[in-house]
Amino acid sequence: MSEQTPPPERAAESPAPQPETQAPPQQQRANGGRDGVILEVTDIHTYYGSIHALKGISLQVREGEIVTLIGANGAGKSTTLRSINGLNNPRKGRIVFQGKDITNDPAHSIVKMGISQSPEGRRLFPHMSVLENLEMGAFQRTDRQNFKEDLDRVYALFPRLAERKTQRAGTLSGGEQQMVAMGRALMARPKLVMLDEPSMGLAPIFVERIFEIVKEINQQGTPILLVEQNAMMALDVAHRGYVMETGHIALTDDAKALAKNEQVQKAYLGMD
Amino acid sequence: MERVKGRSGMGAAGRGWNQLPERARTLIPATILILLAVLYPWYHENWLAEFTNVPVIINFPSVSTAVIVIVFVIMAVGLNIVVGYAGLLDLGYVAFYAVGAYTAGWLASGHFQQVSFHFGSAGISRDLNGIHVNVWIVLLAAGLLTALAGIIIGLPTLRLRGDYLAIVTLGFGEIVPVFVRNGDNLGGFNLTAGTFGINPIDSPGFGEGLNGAWGGLPVNFQQSFIREKLFFYAALALLLITLFCSVRLRESRLGRAWIAIREDETAAAAMGIPLMRTKTWAYALGAFFGGIAGAYYASFKSGAFPSEFYFNISVFLLCMVVLGGMGSVWGVVTAGSILAWLNVEGLANIGTYLKRQTPLDFEVAKYQFGIYGVIIVLMMLFRPTGLIPERRRKLEMEEGVQDESVYGASR
Ligand SMILES: Nc1ncnc2c1ncn2[C@@H]1O[C@H](COP(=O)(O)OP(=O)(O)OP(=O)(O)O)[C@@H](O)[C@H]1O
Ligand SMILES: [Mg+2]
């Protein structure tokens, strides 16, 4: 199980160029490195005390892409995100963002560099208002003058938040809280957004809306690393995907190919 | 439920009051309080001082008592930055008081007899040996040095949380007085004068140059006929500056970061708030005001003595913050004034009164810490958010916060 099963189809990490059909919609190779790679994670090992949670994870996110990370509970998806954004730095391996090594940087400098996230379980500031939460998202920004513009952008994506801006975040419904969490991540004007299970605990109608918004954010030009339990929906919006199994990457491919993959269908899409 | 009753009980006047803009609602009482405070020496002298047999409290606090009360309130407001704003339990705040007091001892007294250094000293003979820096400058230096001490204490301890942090700060609070008591022979060098303490310490003043300017600035407070009043007004000015900074700080970006860390440390880190730096700022700024207050008090008493820097002062200051309402500046000022007054003379007076009026032979002042303990317990039972609760703090206490540590992200 935990062995690195050879990918049944050609892994995306192979040097061969990506098929053009899967090219993400926006500006490839804008300011990233090789092939427009904006985030490159190479063989990272992350621990919680003595618990070896990530046992050599490698992945890439390119300019303009939605990349999804799927896998069973406890596989290490959230830990991967925590490793990238400095909440739990890896002990081994390398993380390069826009050509800069950020492996051991603290969370605040990584946010400043342009990676923001909507963390697992949303983690809003429950006693702050919606607006104050959004302001916290812009905490590391130095360009105060663009604040209003970004706020308007968030309100345009989530009109509900504009109506609720003075309400305390802790009293919002689950779906509204998710909107605040995503909006808060966008307020950092990020160059890469990481979303950890944005659909968790939401009604199906809301889930669809959230995924539409994920797409919309991406179409506005921001690459997204998306962790999801809802593999079907995630593979539907993503360009590429990685399947995690107990601290390893078990499989990686274009999202469409993964959705058709038998193993994936059996394990994560609930099909027989 | 109690709260709701109180509100409606205020009736029409209360409703009219609530319709005033927020700014007016804070500015009006603040102005009245400041006026009452500024005029205190005047109406104390002309009116209050005549009463020498007031029920229960016997007499109204003298101006000199008021100086001590103000000094303690400044320290409590400083501690409130650490405990109330940033949510870091500090059981060793007395260390900052000590550093402040000894800075005054080092920079404004004849302690270092081996040198003679004068810098703008007011009303101090040039022939005197020792370091004599102008006390106003000393106050600032004490604040800065104490802030540095705050950072030194803060850096190694801020990775700890809750109880562990409290225990380490407690340790620092104990180390400082022990060091001070034994600092009279550091490899032959007398830094602290050991158990004797440093005295006399210079007092503030404006020197010959400004003497009489703007309606009579005094050369030196200590040598003035109205010594108490001068110390009172300067203390009041320091308190107002402290309050202003404290209120501004709470509304600042840093203040927001403290609230965020209090509410959810992991989320705060994920928003890009540098945890270590933000917490260290709380220690440094809290310490800064403690240092100024300590130096001023040392100058007022004209001495820094190791016997004053015990653990009970830390607890006493913490009581002021908790009773007033953590994070609530006005609450802390209120509770701080009451407790400091009780400590200086209130309890003793009440004891005397009880002895006079009742057959009880009961030294109230002897049981002071027992009495504070009872007050705290009663408050925790009936009004755990403090006398004047701070809005956010109150919500946090009633609804709880995310209290899970960040894995390896405490920097
Ligand atoms: N704070 C922690 N302390 C110790 N172990 C942890 C901690 N957080 C996560 N782990 C362990 O690390 C492993 C990976 O956890 P992670 O949260 O990354 O999984 P996940 O893929 O996000 O799961 P889920 O889909 O349930 O969110 C699990 O075995 C988990 O028990
Ligand atoms: Mg997870």
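To be clear, the structure that these remarks concern was listed above.
What comes next is a walk through the structure. The numbers attached to residues start from 1 for each chain and follow its sequence in the written order. Written order determines the labels here, with chains lettered from A and ligands numbered from 1. The predicted nature of this model means local features are confined to residues of pLDDT at least 70 and side-chain atom pairs, given and counted, to a pLDDT of 80 or more, with totals for whole chains, interfaces and linings taken over all residues.

Examining the overall build of chain B
Alright, step 1. Across its full length, chain B holds 18 helices and 3 strands.
Alright, step 2. Between the two quantities, the radius of gyration covers C-alpha atoms and the globule rule is 2.2 Å times the number of residues to the power 0.38. Against the 2.2 N^0.38 benchmark of 22 Å for 411 residues, chain B shows a C-alpha radius of gyration of 22 Å, consistent with a compact globule.
Alright, step 3. For chain B, the spread of C-alpha atoms along the three principal axes comes to 65 × 60 × 50 Å.
Alright, step 4. Here a residue counts as buried when 20 or more other C-beta atoms fall within 10 Å of its C-beta, as exposed when 12 or fewer do, and as partly exposed in between; the C-beta atoms come from the backbone. With 411 residues in all, chain B has 46% of them scored as buried.
Alright, step 5. Partitioning the contacts of chain B with sequence separation of at least 6, the portion at a separation of at least 24 is 74%. The secondary structure listing takes helices from DSSP runs of H or I that are at least 4 residues long and strands from runs of E that are at least 2 residues long, numbered from the N terminus. What counts as a contact here is a pair of residues whose C-beta atoms, placed from the backbone, lie within 7 Å.

Digging into the packing of helix α15 (residues 311-324) of chain B against helix α17 (residues 368-382) of chain B
Residue and element names in this part refer to chain B.
Alright, step 1. Here α15 crosses α17 at 30°, and the two axes come no closer than 11 Å. Judged by the inter-axis angle, α15 sits roughly parallel to α17. Crossing hand, α15 versus α17: left-handed. Residue-level contacts link N312, C319, V322 and L323 of α15 to F369, Y372, I375, I376 and M379 of α17.
Alright, step 2. Charged residues are taken to be Asp, Glu, Lys and Arg, nonpolar residues to be Ala, Val, Leu, Ile, Met, Phe, Trp, Tyr, Cys and Pro, and polar residues to be all remaining types, Gly included. Among the residues forming the contact of α15 with α17, the class breakdown is 8 nonpolar, 1 polar and no charged. Where helices are involved, their axes are fitted lines through C-alpha atoms of the stretch in contact, as for all axes, and angles between N-to-C directions lie from 0 to 180°. Note that the term roughly parallel is reserved for angles under 35 degrees, roughly antiparallel for angles over 145, roughly perpendicular for angles of 65 to 115, and oblique for everything else. Crossings are classed by handedness, with left-handed meaning an anticlockwise turn of the near helix from the far one by less than a right angle and right-handed meaning a clockwise turn.

A closer look at the sheet that holds strand β8 (residues 224-228) of chain A
Residues and elements named next belong to chain A.
Alright, step 1. Strand pairing follows a simple DSSP-based rule, namely that at least 2 bridges must link the two strands. Reading across the sheet, the 6 strands line up as β6-β7-β8-β3-β9-β10 and stay open at both edges, with mixed pairing between neighbours. Each having just a single partner strand, β6 (115-118) and β10 (248-254) make up the two edges of the open sheet. Adjacent strand axes in the sheet meet at a mean angle of 20°, parallel and antiparallel pairs treated alike.
Alright, step 2. Note that strand β9 (residues 240-245) and β10 share 6 bridges and pair antiparallel.

Things to note about the site of ligand 1
Alright, step 1. Here, nearness is defined through the C-beta atom: a residue counts as near a molecule or strand if that backbone-placed atom lies within 6 Å of it. Around ligand 1 sit 14 residues in total, of which A:Y48, A:N73, A:K77, A:S78 and A:T79 are the nearest.
Alright, step 2. Near ligand 1, the surrounding residues belong to chains A and B.
Alright, step 3. The element that contributes the greatest number of residues to the shell around ligand 1 is helix α1 (residues 77-84) of chain A, accounting for 3 residues.
Alright, step 4. Split into classes, the residues belonging to the shell around ligand 1 amount to 5 nonpolar, 7 polar and 2 charged.

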